[in-house]
Amino acid sequence: MRKIIEVKGLTKVFNDRLKAVDNVTFDVYEGEVFGFLGPNGAGKTTTIKMLTTLLKPTSGTATVCGFDIAKQANKVRASIGVVPQEYTADEDMTGYENIMFCASLYGIPKDVAKRRADELLQLVGLKDSANKKVMNYSGGMRRRLELACGLINHPRLLFLDEPTLGLDVQTRAAVWEYIRKLKNDYGMTLFMTTHYLEEADSICDRIAIIDHGKIIKVGTPQELKSSIGGDVIEVGVLEKEPDLSQMIMNISYVKEVKRLDGYYRIKSDSGEQAAPAIIDLIRSRGYHVTRISLSKPSLDQVYLEYTGRNLRDEQADSSDILAQRFTLRRARA
Amino acid sequence: MSWSVEERVNTGKLHGLWSLTNRELMKWYKAPFIIFLSLIQPVIWLGLFGKAMNFSAIFSANSFNIPGLSIPKDVLNKISEQIMQNTFGTSDYFSFLSVGMLSFVIVFTAMFSGMSIVWDRRFGFLDKVLSTPVSRSVIVIGKVLSSVFRSLLQAAIILVVAILLGMNYGSITALGIAGTFAGLFLMTFGLSAFFLMLALRATDWQSQVAIMNLINLPLLFGSNALFPSKFMPNWLQTFVSINPITYGTDIGRQLLLGSPGFAPLGFDFLYLAVFAFVFASIGIIMSWRFLTK
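K.L.:
Any details on the overall build of chain A? Residues and values, ideally.
P.N.:
Counting secondary structure elements, chain A contains 12 helices and 14 strands. Over its C-alpha atoms, taken along the principal directions, chain A stretches across nearly 80 × 50 × 40 Å. Counting over 333 residues, chain A shows a buried share of 54%. The long-range fraction of contacts in chain A, counting pairs at least 24 apart against all pairs at least 6 apart in sequence, stands at 69%. For chain A, the accessible surface area stands at approximately 14700 Å², while carbon and sulfur atoms represent 48% of it. Separation between the mean location of the 47 positive side-chain charges and that of the 44 negative ones in chain A comes to 4 Å.

Given below as structure tokens:
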């Protein structure tokens, strides 16, 4: 697969002491949805700002769409789309005017821009509200408008910074749907940051867990989950004797069996396939299953495993908090 | 389905300039009420200050006489007229101030050019613009231009109001108006660039307001906009002679009122052109450096 983003040793130090991003190295492949997962203040937004040329790296290099972010910044800008965390559309203009405004910043001629604006407003379902002022838009509509603006130059690569921040569950699902659509129907590559685990789990092809400016682990959600030991099945058996551990161990997909008081704790690569086989086996030997439970490892556990704590809401710097509050307030309006 | 790999893209050095300028102007022409509101203050100044300081009446025959001397009315009126001419270069203070008020509205409008970039930064709008291939200097020039348009329109309205309120328009010519606004254009261009430059790195509007308030009054009172500079103390006269507002106002006084100038017209224009060029250049150079941290 072709690499669309190549990052080597990227570092950003603020005010000579705060290491927001610390020697980060990773690649993003063409056509995938790549997620940056981490708590607030982990360095996600700083990384995205460097890759979208809004911040200059302190050291390290990166190429985006084949262009160097420091030396060919304008070429990078022309080939990517950016959907920032805040709602940046101009409130006094209509949705349509906002899109046309973005188009002009990319130097897209008026006739082409008009065609694309129609097509994008259709895509994000804002056709009917195109001529309403943005100040009358709901949070979900604003987010979709941002998405449309980010797509106006038909980029191959789209950056999304916390695309569902402050949205209700329904709208969040709708945004996920657009992201999947962009990837599947348009073959776009998406780079997104999030601090929602279920979001990373359900739409990202690969995830990088980032904390304190460092990448801790990169992999598919499945890889990350199985890296901490796979599914856990607990089976209670009425008969306390004999020990069935060895028998269960021979079933395929079973990795580990522990006999506890009245039940067995079984680790498996694929709990769904192992569990029925275990029940069948126990019954076929004339024993009785009293209860069974299957739990899949969540990214939560993965996160806990690798960072040593739960996703926490850390104090962001004051201007971030203010911007976020604006965003949230408008999302609720 | 895939994106059409388009096509024509016009990313010249100045692309996006008109959209950026128009975005700011749009806020304004979509809400003409704001134009009206922002003109109330200068009109009140003009009406109260200009009419209250009725210097020409102080020495007129009706209000001034020395007991014991019977000075003929004609003599007193002539003296009065001469004093006014010598001091203000025109027959009344109101006309003198009217031209000064053109500079006043321009300073107050240009001042806010900096505020808008602070808000754009706050709302993340600036980041969005910066993430597009639009040239950094175009972002700054767009802001300056929109402020130039606004302040010139405001000045034009103030000029009309002043004439309606009794400004001496005997020596106004079309060429004089054109020359005056050319001078004001240079002045507001330089001032807008200057205030924008102060705001390029600012993230909070409070400090911006503080800076504006610190600067605007000395800038106005330390010029010939409200009072002729020749009676000011020397140290203040030095400041007046480097203050661009002095030259912008001087052009108007010479061309609209036919007053004797503070400096030759040619020098006024030259000074303002250099001022506008220097601050616009500094603003653009700073935009390359400071818009991206």
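Back to the text.
K.L.:
Residue-level account of the overall build of chain B, with values.
P.N.:
Looking only at helices and strands, chain B features 13 helices and 0 strands. Going from the N terminus to the C terminus, chain B shows its helices and strands as α-α-α-α-α-α-α-α-α-α-α-α-α. Seen along its three principal axes, the alpha-carbon backbone of chain B occupies a region of about 100 × 40 × 35 Å. Within the span of chain B, comprising 293 residues, buried residues form 53% of the whole. Looking at chain B alone, contacts between residues at least 24 apart form 77% of all its contacts between residues at least 6 apart. Counting only carbon and sulfur atoms, one obtains 72% of the accessible surface of chain B, whose full area is about 13400 Å².

K.L.:
Before we move on, could you go through the packing of aromatic side chains and cite the residues and values that matter?
P.N.:
Enumeration over the complete set of coordinates arrives at 25 aromatic pairs over all chains. With a centroid separation of 5.3 Å and an interplanar angle of 85°, the aromatic rings of Phe194 of chain B and Phe279 of chain B are classed as edge-to-face. Pair noted here: Phe194 of chain B is in helix α9 (residues 174-199) and Phe279 of chain B is in helix α13 (residues 265-290), with a separation of 85 residues, a long-range link. For the cation-ring pair, Arg172 of chain A lies above Tyr196 of chain A, with the distance from its terminal atom to the ring centre recorded as 4.1 Å. Between the NZ or CZ atom of Arg253 of chain B and the centre of the ring of Phe96 of chain B, over which it lies, the distance is 3.5 Å.

K.L.:
With reference to specific residues and values, describe the sheet that holds strand β11 (residues 231-237) of chain A.
P.N.:
Residue and element names in this part refer to chain A. Read from one edge of the open sheet, 4 strands run β12-β13-β11-β14, paired in antiparallel fashion. Among the strands making up the open sheet, the edge pair consists of β12 (254-259) and β14 (289-295). Strand-to-strand twist in this sheet, taken as the mean axis angle between neighbours without regard to direction, amounts to 15°. Pairing of β11 with strand β13 (residues 263-268), which is carried by 6 bridges, proceeds in the antiparallel orientation. Bridge assignment links Glu234 to a residue of β13, and that residue is Arg265.

What counts and what doesn't
Residues numbered from 1 in each chain as written. Chains lettered and ligands numbered in written order. Predicted model: local features only at pLDDT ≥ 70, side-chain atom pairs only at ≥ 80, totals over all residues. Heavy atoms only, no water. Helix = DSSP H or I, 4+ residues; strand = E, 2+ residues; numbered from the N terminus. Buried < 20%, exposed > 50% of the residue type's maximum accessible area, 1.4 Å probe, protein only. Contact = heavy atoms within 4.5 Å. Areas by Shrake-Rupley, 256 points an atom, 1.4 Å probe, with all protein chains shown as cover. Lys, Arg positive; Asp, Glu negative; His and termini not counted. Charge placed at Lys NZ, Arg CZ, Asp CG, Glu CD. Phe/Tyr/Trp six-rings, centres within 6.5 Å; stacked < 30°, edge-to-face > 60°. Lys NZ or Arg CZ within 6 Å of the ring centre and 35° of its normal. Pairing = 2+ DSSP bridges. Axes fitted to C-alpha atoms, helices over the stretch in contact; angles between N-to-C directions.

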